[in-house]
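# Working through the structure, step by step
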Amino acid sequence: MERIGGLLLILNVFLKKGWGKMDQNKVSRVLKSMEEKGVSQMIISDPVAIFYLTGKWIFPGERLLALYLNVNGNHQMIINKLFPQESDLGVAITYYDDIEDGVEILSRFVEKDKVMGIDKTWPSKFLIRLQELGGGSKFVNGSPIIDYIRMVKDEKEQELMRESSRINDIAMERIIPWVVKGLTEKELNAKMREIYKELGCEDVSFDPITAYGHGAADPHHVTDDSKGKRGDCVILDIGAFKDNYASDMTRTVFIGEVSDRAREIYDIVCEANRRGIEAAKPGNRMCDVDLAARNYIEEKGYGQYFTHRTGHSIGLEDHEFGDVSSVNEDIIQVGQCFSVEPGIYLPDENIGVRIEDLVIITEDGCEVLNHFTKDLIVVPEE
């Protein structure tokens, strides 16, 4: 009860100071987690995390940007004068210029006798300077506080993820016919970007993977000038940002025909994807999802050819904290969003298959965000 009362007091401080622009629910979750972990103050420098809390993108380049949060409500934003904020971010702002020591200015607001949380993106040149100034009794990694909160999407975020994936389904439908038009992998990549622009996306959420044959059989393949030929598998791993939220989906299609061997691999990967999705439910562990897919592939004799984790969390970034791997024992929570993307890669046979969907965890299981078919597709040659 004391902790809840303290949080309500903090929220009242926000309102009295007119800090109504930051997302109060998200901020209160951060402050509560800080209290639980004994971190009374924290510096957030990651532009993505700052956007998550304030709704404003600020990219400072090499200059200092710091959102200082304190459980007592004395929050402060330190920004270079090159980045004046025209709108109210919901937090007091102190500006500095290029001839001033931004870290020294920041140090005036911190409690030097208390533990200081630092996020993972803050450059060491700033951290070391704050340590020299005695900006905390102890310095700890504060990133997990924000990361675990961002991992669970609220209703608004879930709707944005659904819409982003809806558009990605359309993008997949539009790109598949182009795999038989004689384009190189790089040209197919460029076409993918063009389609996203036509669909109103801000940008791709990662460099699209558009790989034919031997390239598809290499999970680390870099898009090159190769062209597809009859019988090739084509991996299309694509995603984009729509209203700041990322999509990500993979489908594998075939040019002209599909061999019995490739069909066998495709069916195994498709079933592994289904089993992984079935295991994606609250109360299970993240590793349970990975093992549901991995164990099936191993059972079929291809374990050594599934060379990556089964998935990753996604939201404001394509890859966020919380992976779907055999070593992640975190309990799955309602509202999480992550990928399920098993694959088998046989470079000696020029066969590579990966099938990926995004899921949002619901009260009784999960909602699959991708609705584009996973039936095996053979694209007729022109």
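Preceding block: the structure.
### As for the overall build of the protein chain
- Scanning the protein chain from terminus to terminus reveals 11 helices and 20 strands.
- By the compact-globule yardstick of 21 Å for 382 residues, the protein chain fits well, its C-alpha radius of gyration being 24 Å.
- Counting all 382 residues of the protein chain, 53% fall into the buried class.
- Pairs at least 24 residues apart make up 67% of the contacts formed inside the protein chain by residues separated by at least 6 positions.

### Quick look at the environment of Asp318
- With respect to the element layout, Asp318 can be found in the loop between strand E13 (311-313) and strand E14 (320-324).
- Expressed as a C-alpha distance, the spacing of Asp318 and Asp147, which sit 171 residues apart in the sequence, is 14 Å.

### Considerations on unusual backbone geometry
- Its identity as a non-glycine residue notwithstanding, Asn244 has a phi of 80°, on the positive side.
- Looking at the element boundaries, Asn244 is found in the loop between strand E10 (240-242) and strand E11 (245-246).
- When its relative accessible area of 26% is taken as the criterion, Asn244 is described as partly exposed.
- With a phi close to 55°, Asn350 is a non-glycine residue in the positive phi region.
- Inspection of the secondary structure puts Asn350 in the loop between strand E16 (343-346) and strand E17 (351-354).
- On the basis of relative accessibility, which here comes to 32%, the residue Asn350 falls in the partly exposed class.

### Structural notes on the sheet that holds strand E9 (residues 233-238)
- The mixed open sheet is built from 4 strands, whose spatial order is E8-E9-E12-E20. Of all the strands in the sheet, just strand E8 (209-212) and strand E20 (378-379) have a single pairing partner and so form its edges.
- Note that E8 and E9 share 4 bridges and pair antiparallel. Looking at E9, one finds that Tyr212 is bridged to Val234.

### Considerations on the pattern of salt bridges
- All told, the structure shown has 35 salt bridges when counted by the stated rule.
- Lys181 is paired through a salt bridge with Glu382; the nearest N and O atoms lie 2.7 Å apart. Taken together, the residues Lys181 in the loop between helix H7 (155-175) and helix H8 (185-198) and Glu382 in the segment after E20 connect sequence positions 201 residues apart.
- By relative accessible area, which is 70% here, Glu382 ends up exposed.
- Residues Lys374 and Asp357 are paired through a salt bridge, measuring 2.7 Å at the closest nitrogen-oxygen approach. One end of the pair, Lys374, is in the loop between strand E19 (365-368) and E20; the other, Asp357, is in strand E18 (residues 357-362), and 17 residues separate them in sequence.
- A residue is classified by how much of its surface remains accessible, and Asp357, at 0% relative accessible area, is buried.
- Overlapping salt bridges, with partners in common, bring together Asp46, Arg150, Lys153, Glu317 and Glu320 in one network.

### Looking at the sheet that holds strand E7 (residues 203-204)
- Read from one edge of the open sheet, 3 strands run E7-E10-E11, paired in antiparallel fashion. Each edge of the open sheet is held by one strand with a lone partner, namely E7 and E11.
- The pairing of E7 with E10 spans 2 bridges and is classified as antiparallel. In the sheet register, Asp203 faces E10, and the bridge partner there is Phe241.

### Notes on helix H11 (residues 286-299)
- With 14 residues, H11 extends 20 Å between its outermost C-alpha atoms, agreeing within 8% with the 20 Å of an ideal straight helix rising 1.5 Å per residue.
- Along H11, the positions that sit buried rather than exposed are Met286, Cys287, Val289, Asp290, Ala293, Arg294, Tyr296 and Ile297.
- As for H11, its buried residues are in contact with helix H10 (260-279), E13, E14, strand E15 (337-340) and E16.
- A positive backbone phi angle near 90° is found at Gly301, which sits one or two residues after H11.

### Some details on the nonpolar core
- Membership of the largest hydrophobic core comes to 37 residues, with the highest contact counts inside it found for Val30, Ile44 and Leu53.
- Broken down by element, this core gets its largest block of residues, 6 residues, from helix H3 (residues 47-54).
- Those residues in contact with Ile44, other than ones at most four positions away along the chain, are Ala49, Ile50, Leu53, Leu65, Ala66, Leu67, Leu69, Asp119 and Ile146.
- Ile175, Val179, Tyr196 and Cys201 belong to the second-largest nonpolar core, a separate cluster that totals 25 residues.

Rules behind the numbers
In every chain, residue numbers begin from 1 and rise along the written sequence. Only residues with pLDDT of 70 or above have their local features reported here, since the model is predicted, and side-chain atom pairs are shown and tallied only from 80 upward, although totals for entire chains, interfaces and linings are computed over all residues. By convention in this description, side-chain values take in all heavy atoms of the structure and omit both hydrogens and water. Working definition: helices are DSSP H or I runs of at least four residues, strands are E runs of at least two. Numbering for both runs from the N terminus. Computation of the radius of gyration draws on C-alpha atoms, with the globule rule given as 2.2 Å multiplied by the number of residues to the power 0.38. Only protein chains enter the area calculation, which uses a 1.4 Å probe; residues under 20% of their type maximum are buried, those over 50% are exposed, and those in between are partly exposed. Whether two residues are in contact is decided by their heavy atoms, any of which lying within 4.5 Å being enough. Strands pair, by our definition, only if DSSP identifies at least two bridges between them. The term salt bridge refers to a pairing of a side-chain nitrogen on Lys or Arg with a carboxyl oxygen on Asp or Glu at a separation within 4 Å. Multiplying 1.5 Å by the residue count of a helix minus one yields the expected span of that helix. Nine residue types can take part in a nonpolar core, namely buried Ala, Val, Leu, Ile, Met, Phe, Trp, Tyr and Cys, and a core is a set of them joined through side-chain atoms within 4.5 Å.

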